[in-house]
Amino acid sequence: DRAKLPVRCFVRERDSRFFGGEKVERSITLHHDLLVEADVQLDWQLTSNGKTLAKDTFRERMVSAQLKRLKVVLPMPNVTEPTAVQFSTVVTRDGKEMFRESHDYTVHPHRKLQVPKELKLAVLDRRGTTAKALRKAGLTDFVHLGMIESWNLGMIAMGYLDPTGNTQMKGHNCVLV
């Protein structure tokens, strides 16, 4: 059982699917549970199809029962199709390998969002944050609900129904829930 190994590391996060170009942060705990201090080294690397995308090394003289928390940032590659990526860690103590682990990730391409031609997208977004995010993702063909008052459209938002189930939407031809 790897938790009983005296010198080891653990990657805290378990998510494994990312988009190309993302900077993914990993939290690593490095454990040294031997009775004497030693030179401990953590090497990590991110690879895909035999090519190293990123790597780094952390070294420290660690005392008995010491724990070190580290953060690393993994630069996910830009891809045109789903691509397998491996994140691996190796821990050595006084030059001897003590622990090795690998995590399999999948990197997906960014795709332009598109609304099907038969649908019209309307966005209720008073602060503009959703509209801004949609435009940034490449989706520009949508209508702000504030622009369609002439449609005689009513909308029921959360908390808008009274306890009896009645609404304040009388006289509207269409109600969105």
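Quantities reported herein were computed from a predicted structural model and do not represent experimental measurements.

### As for the confidence of the model for the chain
The pLDDT averaged across the chain works out to 84; a share of 81% of its residues lies at or above 70. Considering only residues more than four positions removed or in separate chains, one finds that residues 158-162, a stretch of pLDDT under 50, has six contacts. With pLDDT under 50 throughout, residues 165-177 is counted as low confidence; its partners more than four residues away or in other chains account for 23 contacts.

### Observations concerning the sheet that holds strand 8 (residues 96-108)
An order of 2-8-7-4-5 is seen for the five strands of this open sheet, with the pairing classed as mixed. Of all strands in the sheet, those with a lone pairing partner are strand 2 (17-19) and strand 5 (51-62), marking the two edges. Going across the sheet, the axis of each strand differs from the next one's by a mean of 25°, ignoring polarity. Strand direction decides the pairing type here: strand 4 (residues 38-48) and strand 7 (residues 83-93), joined by eight bridges, are antiparallel. When the sheet's bridge partners are listed, Gln-41 is paired in strand 7 with Thr-92.

### Digging into the pattern of salt bridges
All chains considered together, the criterion is met by nine salt bridges. Glu-13 is the salt-bridge partner of Arg-26, the closest N and O atoms lying 4.0 Å from each other. Residue Arg-26 is located in strand 3 (residues 23-32), and its partner Glu-13 is located in the loop between strand 1 (7-11) and strand 2; the two are separated by 13 residues in the primary sequence. Close ionic contact of Arg-93 with Asp-94 constitutes a salt bridge, the shortest N to O distance being 4.0 Å. The class of Arg-93 is buried, set by a relative accessible area of 16%. Salt bridges sharing common partners tie together Glu-13, Asp-15 and Arg-26.

Rules used in this analysis
- Residues numbered from 1 in each chain as written.
- Predicted model: local features only at pLDDT ≥ 70, side-chain atom pairs only at ≥ 80, totals over all residues.
- Heavy atoms only, no water.
- pLDDT = per-residue confidence, 0-100.
- Contact = heavy atoms within 4.5 Å.
- Pairing = 2+ DSSP bridges.
- Helix = DSSP H or I, 4+ residues; strand = E, 2+ residues; numbered from the N terminus.
- Axes fitted to C-alpha atoms, helices over the stretch in contact; angles between N-to-C directions.
- Salt bridge = Lys/Arg side-chain N within 4 Å of Asp/Glu carboxyl O.
- Buried < 20%, exposed > 50% of the residue type's maximum accessible area, 1.4 Å probe, protein only.

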